[in-house]
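# A structural walkthrough
Each chain, written out:
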Amino acid sequence: MASPMPAGSFLDGLRAEGVTVVEVGDWEHHNRNHKGPWGPVHGVMIHHTVTSGAERTVDICRDGYSGLPGPLCHGVITKDGTVHLVGYGRANHAGLGDDDVLRAVIAEKALPPDNEANTDGNRHFYGFECENLGDGEDPWPEAQLEAIEKAAAAVCRHHGWTERSVIGHLEWQPGKVDPRGFTMAWLRERIRDRLK
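Attention in this report is confined to the structure presented alongside it. (Residues numbered from 1 in each chain as written. Predicted model: local features only at pLDDT ≥ 70, side-chain atom pairs only at ≥ 80, totals over all residues. Heavy atoms only, no water.)

## Quick word on the pattern of salt bridges
Heads up, the condition is: By convention in these notes, a salt bridge is any Lys or Arg side-chain nitrogen within 4 Å of a carboxyl oxygen on Asp or Glu. Per the convention used, a helix needs a DSSP run of H or I reaching at least four residues, while a strand needs a run of E reaching at least two, with both numbered from the N terminus. Only protein chains enter the accessibility calculation, which uses a 1.4 Å probe. A residue is then buried if its area is under 20% of the maximum for its type, exposed if over 50%, and partly exposed in between.
Inspection of the entire model under this criterion finds 15 salt bridges. The salt bridge partner of Asp100 is Arg103, with a shortest N-O separation of 2.5 Å. Here Arg103 and Asp100 lie together in helix 3 (residues 99-107), a separation of three residues that amounts to about one turn. Looking at Arg103, the relative accessible area reads 47%, which means it is partly exposed. Between Glu149 and Arg190 there is a salt bridge whose closest N-O contact spans 2.6 Å. Note that Glu149 is positioned in helix 4 (residues 142-159) and Arg190 in helix 6 (residues 184-195), a separation of 41 residues in sequence. Salt bridges linked by common partners bring Glu17, Glu142, Glu149, Arg157, Arg190 and Arg194 together as one network.

Structural data, given as structure tokens:
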């Protein structure tokens, strides 16, 4: 059981891992905490945005859209490898997911298939939205993949977690496909190597 790290520690951890960070507005206090608690935290969730264009993507992830208010994550990772911090606290990114998956993340064991949506993921996961159309064809530049790896590793390093605490939205909630264009097993391998 882990309490979310302070916003300053999150920022420092990302920078220490070698991530280029842009702070967007009053990100440290932009959250959905009035809708419920944030924490205990158990892992990091990776998403793709189904958008193109860094500025538009960051704006949507910060402000949300009709029916889903922002922030939609904690950090937006654009194609150039920059992490834009848009919120801190509870964010609308994970939604409801599988309690068996959450138990596996907590135990850092292999993930079972996600076959139900009965658990509040916004409470328990840090979220990174990654700029990509999510069509399986939009490329993932190496700078962006490296930033995803570093950002996830920074959070794991702070909490003493292994790469098994990093999951994709598609592993959490039935029907989700993100991130599409690389496998989470491949990403976890990169994170594992970085954490050595």
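## As for the pairing of strand 6 (residues 82-85)
Stated precisely, the cut-off is as follows: Strand pairing follows a simple DSSP-based rule, namely that at least 2 bridges must link the two strands.
Going residue by residue along strand 6, you find Thr82 and His84 tucked away on one face and Val83 and Leu85 tucked away on the opposite face as well. Pairing of strand 1 (residues 20-23) with strand 6 involves four bridges; the strand directions are parallel. Residue pairing for strand 6: Val22 is matched across the bridge by His84. Where strand 5 (residues 75-77) folds back onto strand 6 in an antiparallel hairpin, the turn is made up of four residues, including Gly81, whose phi is positive at roughly 90°.

## Examining unusual backbone geometry
Geometrically, the link from Gly70 to Pro71 is a cis peptide bond, its omega value of 0° lying close to zero. Note that the residue after Asp178, namely Pro179, is joined by a cis bond; omega there is 0°. Of note, Pro179 is situated in the loop between helix 5 (169-172) and helix 6. Even without being glycine, Val50 reaches a positive phi, approximately 60°. Structurally, the position occupied by Val50 is in the loop between strand 2 (43-48) and helix 2 (54-63). Classification of Val50 by relative accessible area gives exposed; the value is 54%. Despite not being glycine, Glu108 has its phi angle at roughly 55°, a positive value. Among the structural elements, Glu108 can be located in the loop between helix 3 and strand 8 (119-120).

All quantities given are derived from atomic positions and should not be read as evidence of function.
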